[in-house]
Amino acid sequence: MIISKKTAASFNTTVNNGSGGLESQPLKHMLPQLQAKWRELKWIACLLGLTVLLSLIVYHLASLVQPLPLPLPQISSFSAFVPPLITDKQKPNYTETSEEEDRRNLARILREASTEEKTVIVTMMNQAYAERNSTFDVFLEGFRVGNGTERLLRHVVVVCLDKKAYSRCVEVFPRRCFFLRTAGIDFSGERLFMVGDNLKMMWRRTEFLGSLLKLGYNFLFTDMDTLWLRDPFPRFIANVDFQIACDHFNGNVSDTHNYANGGFKFVIANDRTVEFYKYWYESRLRFPGKNEQDVTNKIKDDQYIKKIGLKMRFLDATHVGNFCQPNWDITKVCVMHGNCCIGQDNKLKDLRQVLEDWTTYLSNEDPKR
């Protein structure tokens, strides 16, 4: 068979270039698809990055935004007067007439107990604390034997959490007892820290104290397991909204690393503290299962606290002592708090020992300090 040179040349060109042509042809078709896939991957990566960035921004801004008040079973947001806490299924005997009577009674007690600056000393007790020769009696004894503290008793308001506590209070300390009704919850027995109804009792306390601020009263709240050996008011820091004791004091009154103790605090009534108590009370919903003291320590650095301009300070444990710090000085301490003692019997034993030490100190030293 005879093949022309032109045909042979064409054939050779096809053979020589055939391999490259067959391989490059599919790649040309695939390149646009690969480019499209790459663009999709870039978009996905951008969206993921944007999602992470927005999440970080939302998390950062969360502390700047005050949480909306949400309903909590058996606990209501406080108002200027705190109504009783009532469960939905309960049919209480509490009427508008008795609520108005409580309102008038509270107004009368606050008016009679307050100083010229509208300051009151507030404590709370239930039946367990009200028993004879128990916490209430030791609390009052501290005021009577303290240096310059007996005169402060006229400013003390005892908030009673059950009927038996109220009856004992009226018997021992008349015209300074207020019955804070809490329908559906029994606060009468001993309440160990963070056990049972203790959480509800602590938040009920916060709710009530917030209502006092709305009524325009400054208050010094003190747990009943305290001994007032000297007047603590001269030790408070001037021009501060909120001053609170701490279990362990590091020497710096402004340092939020101090662990706050809710059992002793001095609060001035103003717009900042009203807003703070509202924020504090509502923050219980952000930290379920935590008491008000734990929540205080979680929110004290929140941006919202700084935004409202609250001035918070921590009290020197030299003047507001406790059994968490064993090296307390009886020659300097104003108030001794029985915290870090588990159980009422242990508290009473230690507080009575402090009273004995105080009596010995007074008999040997000049108490004028």
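In this report, we go over the structure that sits alongside the text. Note that the coordinates shown come from a computational prediction; the quantities given were computed from them, not determined experimentally. (Residues numbered from 1 in each chain as written. Predicted model: local features only at pLDDT ≥ 70, side-chain atom pairs only at ≥ 80, totals over all residues. Heavy atoms only, no water.)

## Looking at the pairing of strand β7 (residues 260-267)
For clarity, the cut-off: Burial classification: accessible surface area is computed with a 1.4 Å probe over protein chains only, and a residue below 20% of its type maximum counts as buried, one above 50% as exposed, and the rest as partly exposed. Elements are defined by DSSP. Helices are runs of H or I of four residues or more, strands are runs of E of two residues or more, and each kind is numbered from the N terminus. When DSSP finds two or more bridges between a pair of strands, those strands are recorded as paired.
Across the eight residues of β7, eight count as buried, placing the element largely inside the fold. Across four bridges, the pairing between strand β4 (residues 218-222) and β7 is antiparallel. Across the sheet, the residue bridging to Phe 221 is Lys 265, located in β7. Pairing of strand β6 (residues 242-246) with β7 involves five bridges; the strand directions are antiparallel.

## Notes on the pattern of salt bridges
Let me state the cut-off plainly: The salt bridge criterion pairs a side-chain nitrogen of Lys or Arg with a carboxyl oxygen of Asp or Glu, the two atoms within 4 Å.
Within this structure, the stated rule accounts for 16 salt bridges. Among the ionic pairs, Arg 103 bridges to Glu 99, the shortest N-O distance being 3.3 Å. Highlighted residues: Arg 103 and Glu 99, both in helix α2 (residues 96-113), separated by four residues, approximately one helical turn. With relative accessibility at 23%, the residue Glu 99 sits in the partly exposed group. In this structure, Glu 112 and Arg 176 form a salt bridge, with 3.4 Å as the shortest nitrogen-oxygen distance. Taken as a pair, Glu 112 in helix α2 and Arg 176 in the loop between α5 (163-172) and β3 (177-179) lie far apart in primary sequence, 64 residues in all. When its relative accessible area of 31% is taken as the criterion, Glu 112 is described as partly exposed. Residues joined in a network through salt bridges with shared partners are Glu 99, Glu 100, Arg 103 and Arg 104.

## Points about the packing of aromatic side chains
What counts is decided by this rule: Pairing of aromatic side chains here covers Phe, Tyr and the six-membered ring of Trp, requires ring centres within 6.5 Å, and sorts the geometry by plane angle: under 30 degrees stacked, over 60 edge-to-face, intermediate tilted. Definition used: whenever NZ (Lys) or CZ (Arg) falls within 6 Å of the ring centre and also within 35 degrees of the ring normal, the charge is taken to sit over that ring.
Tallying each qualifying case throughout the model produces 19 aromatic pairs. For the pair Tyr 166 and Phe 179, a centre-to-centre distance of 5.8 Å together with 25 degrees between the ring planes defines the contact as stacked. Of the two residues, Tyr 166 is situated in helix α5 and Phe 179 in strand β3; the sequence distance between them amounts to 13 residues. Exposure remark for Phe 179: the relative accessible area of 13% places this residue in the buried category. Among the aromatic residues, those joined into a cluster by ring pairs are Phe 139, Phe 143, Trp 228, Phe 233, Phe 236, Phe 264 and Phe 266. One cation-aromatic arrangement involves Lys 118 over Tyr 217; the distance from NZ or CZ to the ring centre is 4.4 Å. The ring of Tyr 281 is capped by Arg 284, whose NZ or CZ atom sits 3.9 Å from the centre of that ring.

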